[in-house]
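Coordinate analysis (summary)
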Amino acid sequence: MTIEEIQNEIIDEFSMFDDWEERYQYMIDLGKTLPLIDEAHKTDDNIIKGCQSKVWVHAHMNDDKVEFTADSDAIITKGIIAILIRAFSNQHPKDIIEANTDFIDKIGLKEHLSPTRANGLVSMIKQLKMYAIAYQTQLN
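Now for a look at the structure at hand. Along each chain, residues carry numbers from 1 onward, in the same order as the chain's sequence is written. Side-chain atom pairs in this predicted model are given and counted only at pLDDT of 80 or more, local residue features only at pLDDT of at least 70, and totals for whole chains, interfaces and linings cover all residues. Excluding hydrogens and water, the side-chain figures rest on all heavy atoms present in the structure.

**Examining the overall build of the protein chain**
Here is the rule: Starting at the N terminus, helices and strands are each numbered in turn, a helix being any DSSP run of H or I of at least four residues and a strand any DSSP run of E of at least two. Between the two quantities, the radius of gyration covers C-alpha atoms and the globule rule is 2.2 Å times the number of residues to the power 0.38. Three exposure classes are used, based on accessible area relative to the maximum for each residue type with a 1.4 Å probe and protein chains only: buried under 20%, partly exposed in between, and exposed over 50%. Residue contacts follow a heavy-atom distance rule, with two residues in contact if any of their heavy atoms lie within 4.5 Å. Accessible surface is estimated by sampling points in the Shrake-Rupley manner with a 1.4 Å probe; for residues, cover comes only from the protein chains shown. His is not counted here, nor are the chain ends, while Lys and Arg score as positive and Asp and Glu score as negative. Charge positions are represented by NZ for Lys, CZ for Arg, CG for Asp and CD for Glu.
The helix and strand tally for the protein chain stands at 6 helices and 2 strands. Going residue by residue from the N terminus, the α and β elements of the protein chain occur as α-α-β-β-α-α-α-α. Since a compact globule built from 140 residues should have a radius of gyration of about 14 Å, the 14 Å found for the protein chain is in line with a globular shape. Based on the C-alpha atoms only, the size of the protein chain along its principal axes is roughly 45 × 30 × 25 Å. Taking all 140 residues of the protein chain together, 48% fall into the buried category. Across the protein chain, contacts joining residues at least 24 apart in sequence account for 65% of those joining residues at least 6 apart. A total of about 7,500 Å² of accessible surface is found on the protein chain, and carbon and sulfur atoms cover 49% of it. Charge separation in the protein chain, taken as the distance between the mean sites of 14 positive and 24 negative side-chain charges, equals 5 Å.

Right, dumping it as structure tokens:
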């Protein structure tokens, strides 16, 4: 699936819920399915700066595609990074770099987060794209 197809799938899933309590619960459930980062990668180098909670993200290349793993010490944040990893993992670096992140607004996520969590969301997206830029540079 392309990034856009995955993002549209996420939008459809979130539209099934009537209120934000249900959406938060869904995000928590998504966090439980997160491909967890190996404990060896839970280092300061892999912590996303700008997040209220601790969020670790690790990336590696596999057949010209970036694979992400992550973890967080907060359940909502774990759900947020799970959504992002679902959209961007196992994709070509160039596709990640060029990907639109409007789906975040379409599911209403940013407006339902505290300002510090919203800043953390932006930092998470930036970090995933920075990994993609680094890997794209290696491919060039």
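**Description of helix α1 (residues 3-15)**
Under the convention used in this document: A helix is expected to span 1.5 Å for every residue after the first. Directions drawn from the helix axis to the C-beta atoms are what define this arc.
End to end, α1 covers 18 Å across 13 residues, agreeing with the expected 18 Å (1.5 Å per residue, within 8%). What α1 keeps buried is the set I3, I6, Q7, I10, I11, E13 and F14. Along α1, the residues classed as buried sweep out an arc of 165 degrees about the axis, all on the same side. In α1, the exposed positions that point more than 90 degrees away from the buried face belong to E4, D12 and S15.

**Considering the pairing of strand β1 (residues 55-62)**
Put simply, the test is: Here a strand pair is declared whenever DSSP counts at least two bridges between the two strands.
With 8 bridges connecting them, β1 and strand β2 (residues 65-72) associate as antiparallel partners. Along β2, the bridge assignment pairs W56 with D71. Hairpin connection of β1 to β2: 2 residues between the antiparallel strands, including D63 at a positive phi of 55 degrees.

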